[in-house]
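Here's the letter readout for the chains.
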Amino acid sequence: MFMASRIQRRAFSASARNLSRVTVLGAAGGIGQPLSLLLKLNPRVTELALYDIRGGPGVAADISHVNTNSTVKGYDPTPSGLAAALKGSEIVLIPAGVPRKPGMTRDDLFNTNASIVRDLAKACAESAPDAKILVISNPVNSTVPIVAEVFKARGVYNPKRLFGVTTLDVVRASRFVSEIKSTDPRDENITVIGGHSGVTIVPLFSQSKHPELSSNADLVHRVQFGGDEVVKAKDGAGSATLSMAMAGARMAESLLRASQGEKGVIEPTFVDSPLYRDQGIPFFSSRVELGPNGVEKIHPVGPLDAAEEKMLEACLVDLKKNIDKGVDFVAQNP
Ligand code: NAD
Ligand code: LMR
């Protein structure tokens, strides 16, 4: 009771200052449902719009009974429902699409998810061209360039407002380190750069409080392939949903904090980046300072040790292929 009323009071003061409408596309899925619930609990969110090709209104009715001040509405799975879900939104999170089964790579999802993300991106470009778009659907290394190409084709692309959500890699890295070191994971700030699949995920332990961990091959492998651990354990029933919901809610919260005036909010995230553009890699995840317009400042990767330099080389090879694949897809299937 006490907690709820305190949250409600905070929600009221937040809404008095700022109105923040957030849309979730794919809201009835394994990620979408807990993500929507966490957004409902966030006092910075004043309006929540939930869309899915099935089940959006049901999830919205359920979540709308949670006693925080934000309003929740579910939208019909029609073009007009999608347009209405997007209108006026500050942030659009996209966890729509199929998840992996054991034995699959994220790239194996491309054939199904590329067109889902392309079509949702078209709707976003039409109805919410100024929103910050947070892409969760895999393969993130390719789906983010897909969204960019769709926006470019419509003349509404703003590179400061497109984000591939790689927060789960950061969350995992801090948790796995805290297990080894018996520390509080909240005190473990591990930068993860590159992209979001296998060897494109490059944790930089040399920059952490435990630089010696960069030679811990098991730990590095666990961060790079943490997703596989969950896919295997779920045994055909999908991939990470709950930890991903938490990570997605954290990324949305960071953007809302920044847009509501907080300075120094930094998250590693996969964005349109100058860092490796000269090598034909226009998207890269590094520490990004967030601001009211989205990307405020892209930090360089900083000093790497020899092992990390080697990982980065392998990352760039795969990343280029993944990005090119997304760009080519839109060129051939506009
Ligand atoms: P899920 O199958 O449980 O849910 C996906 C939802 O998307 C379903 O409810 C489905 O109806 C909906 N959907 C499908 N097509 C749609 C469309 N055109 N418009 C709106 N909704 C649509 O899957 P999940 O476990 O929630 O995973 C979703 C995606 O997120 C997968 O691609 C998965 O690989 C990815 N993922 C990414 C990360 C990350 O770190 N970025 C982490 C975990 C999962
Ligand atoms: C993850 O890292 O858990 C997600 O990308 C889902 C997956 O396919 O592993």
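The structure presented is a predicted model; accordingly, all values stated were derived computationally and were not measured.

Criteria and cut-off values
- Residues numbered from 1 in each chain as written.
- Chains lettered and ligands numbered in written order.
- Predicted model: local features only at pLDDT ≥ 70, side-chain atom pairs only at ≥ 80, totals over all residues.
- Heavy atoms only, no water.
- Salt bridge = Lys/Arg side-chain N within 4 Å of Asp/Glu carboxyl O.
- Helix = DSSP H or I, 4+ residues; strand = E, 2+ residues; numbered from the N terminus.
- Near = heavy atom within 4 Å.
- Polar contact = N/O pair within 3.5 Å; in protein donor to acceptor, adjacent residues only side chain to side chain.
- Areas by Shrake-Rupley, 256 points an atom, 1.4 Å probe, with all protein chains shown as cover.
- Nonpolar A, V, L, I, M, F, W, Y, C, P; charged D, E, K, R; others polar.
- Buried < 20%, exposed > 50% of the residue type's maximum accessible area, 1.4 Å probe, protein only.
- Pairing = 2+ DSSP bridges.
- pLDDT = per-residue confidence, 0-100.
- Contact = heavy atoms within 4.5 Å.
- Core = buried A, V, L, I, M, F, W, Y, C linked by side-chain atoms within 4.5 Å.
- Patch = residues over 30% accessible without salt bridge, like charges linked within 9 Å, V, L, I, M, F, W, Y side chains within 5 Å.
- Expected span 1.5 Å × (residues − 1).
- Arc of directions from axis to C-beta.
- Phe/Tyr/Trp six-rings, centres within 6.5 Å; stacked < 30°, edge-to-face > 60°.
- Lys NZ or Arg CZ within 6 Å of the ring centre and 35° of its normal.

Draft legend 1. Seen up close, the pattern of salt bridges. Summed over all chains, the structure comprises 16 salt bridges. Note that arginine 44 is salt-bridged to glutamate 253, the shortest N-O span being 3.3 Å. Note that arginine 44 is positioned in the loop between α2 (32–40) and β2 (47–51) and glutamate 253 in helix α10 (residues 242–259), a separation of 209 residues in sequence. A salt bridge links glutamate 212 to lysine 181; the nearest nitrogen and oxygen atoms lie 2.8 Å apart.

Draft legend 2. Quick look at the site of ligand 1. Taken together, 29 residues lie near ligand 1, and Gly30, Ile31, Asp52, Val98 and Asn138 sit nearest. Within the backbone of glycine 30, a nitrogen or oxygen atom sits 2.7 Å from an oxygen atom of ligand 1. Within the side chain of asparagine 138, an N or O atom sits 2.9 Å from an oxygen atom of ligand 1. Against a free-state accessible area of 870 Å², the protein chains account for coverage of 87% of ligand 1. It is helix α5 (residues 110–127) that contributes the most residues to the shell around ligand 1, three residues altogether.

Draft legend 3. Seen up close, the site of ligand 2. Every residue close to ligand 2 is listed here: Arg100, Arg106, Asn138, Leu168, Arg172, His196, Gly227, Ser239 and Ala240. Residue arginine 106 places a side-chain N or O atom 2.8 Å away from an oxygen atom belonging to ligand 2. Here an oxygen atom of ligand 2 sits 2.7 Å away from a polar atom, N or O, in the side chain of arginine 172. Protein chains shield 96% of the accessible area of ligand 2, which is 260 Å² for the free molecule. Classifying every residue of the shell around ligand 2 by side-chain character gives two nonpolar, four polar and three charged.

Draft legend 4. The pairing of strand β4 (residues 91–94), seen in detail. Neither face of β4 is exposed, since Ile91 and Leu93 on one face and Val92 and Ile94 on the opposite face are all buried. Where strand β1 (residues 21–25) lies against β4, three bridges are found, and the strand directions are parallel. Looking at β4, one finds that threonine 23 is bridged to valine 92. Examined bridge by bridge, β4 and strand β5 (residues 132–135) share four bridges and lie parallel to one another.

Draft legend 5. Representation of the environment of glycine 155. Relative to the helices and strands, glycine 155 is located in the loop between α6 (140–153) and β6 (162–164). Remark: the alpha-carbon pair of glycine 155 and proline 303, spanning 148 residues in sequence, is separated by 37 Å.

Draft legend 6. Up close: unusual backbone geometry. Geometrically, the link from asparagine 138 to proline 139 is a cis peptide bond, its omega value of -5° lying close to zero. With respect to the helices and strands, proline 139 occurs in the loop between β5 and α6. Phi is positive for serine 182, which is not a glycine, with a value near 55°. As for its position among the elements, serine 182 is in the loop between α7 (167–181) and β7 (192–194). You can call serine 182 exposed: its relative accessible area is 67%. With phi around 55°, aspartate 235 is a residue other than glycine that occupies positive phi space.

Draft legend 7. Seen up close, the confidence of the model for the protein. Per-residue confidence for the protein gives a mean pLDDT of 95; residues scoring 70 or more make up 95%. For residues 11–16, every residue scores under 50 in pLDDT, and the model assigns this stretch six contacts once sequence neighbours within four places are set aside. Scored as a whole, the predicted complex attains pTM 0.95, and scored at its interfaces, ipTM 0.99.

Draft legend 8. Fine view of the nonpolar core. Counting residues in each nonpolar core, the largest one holds 61 residues, and the members touching the most others are Leu25, Ile133, Leu162 and Phe284. Counting residues in hydrophobic clusters, the runner-up holds 38 residues, among them Leu39, Leu255, Val271 and Val288.

Draft legend 9. Spatial organisation of a nonpolar patch on the surface. A cluster of nonpolar side chains, contributed by Leu37, Leu38, Leu41 and Met246, occupies part of the molecular surface with about 300 Å² of accessible area. Relative to the helices and strands, leucine 41 is located in the loop between α2 and β2.

Draft legend 10. Summary view of α7. Given a rise of 1.5 Å per residue, 15 residues ought to cover 21 Å, and the 21 Å separating the end C-alpha atoms of α7 matches this to within 8%. With eleven of its 15 residues buried, α7 lies for the most part within the structure. Serine 182, located one to two residues past α7, shows a positive phi value of around 55°.

Draft legend 11. Main features of helix α3 (residues 56–63). What α3 keeps buried is the set Gly56, Val59, Ala60 and Ile63. All buried residues of α3 fall inside an arc of 100° around its axis, so they share one side.

Draft legend 12. Representation of the packing of aromatic side chains. Tallied over the entire structure, the rule returns three aromatic pairs. Both rings, one in phenylalanine 110 and one in phenylalanine 329, keep their centres 5.6 Å apart while their planes meet at 90°; by these two values the pair is edge-to-face. Separated by 219 residues along the polypeptide, phenylalanine 110 in helix α5 and phenylalanine 329 in helix α11 (residues 306–332) bring together distant segments of the chain. Measuring from ring centre to ring centre gives 4.6 Å for tyrosine 276 and phenylalanine 284, while their planes differ by 50°; the resulting arrangement is tilted. Classification of tyrosine 276 by relative accessible area gives buried; the value is 12%. A residue is classified by how much of its surface remains accessible, and phenylalanine 284, at 0% relative accessible area, is buried. Cation over ring: lysine 73 sits above tyrosine 75, and NZ or CZ is 4.8 Å from the ring centre. Above the face of the phenylalanine 176 ring, arginine 222 is positioned so that its terminal group lies 3.8 Å from the ring centre.

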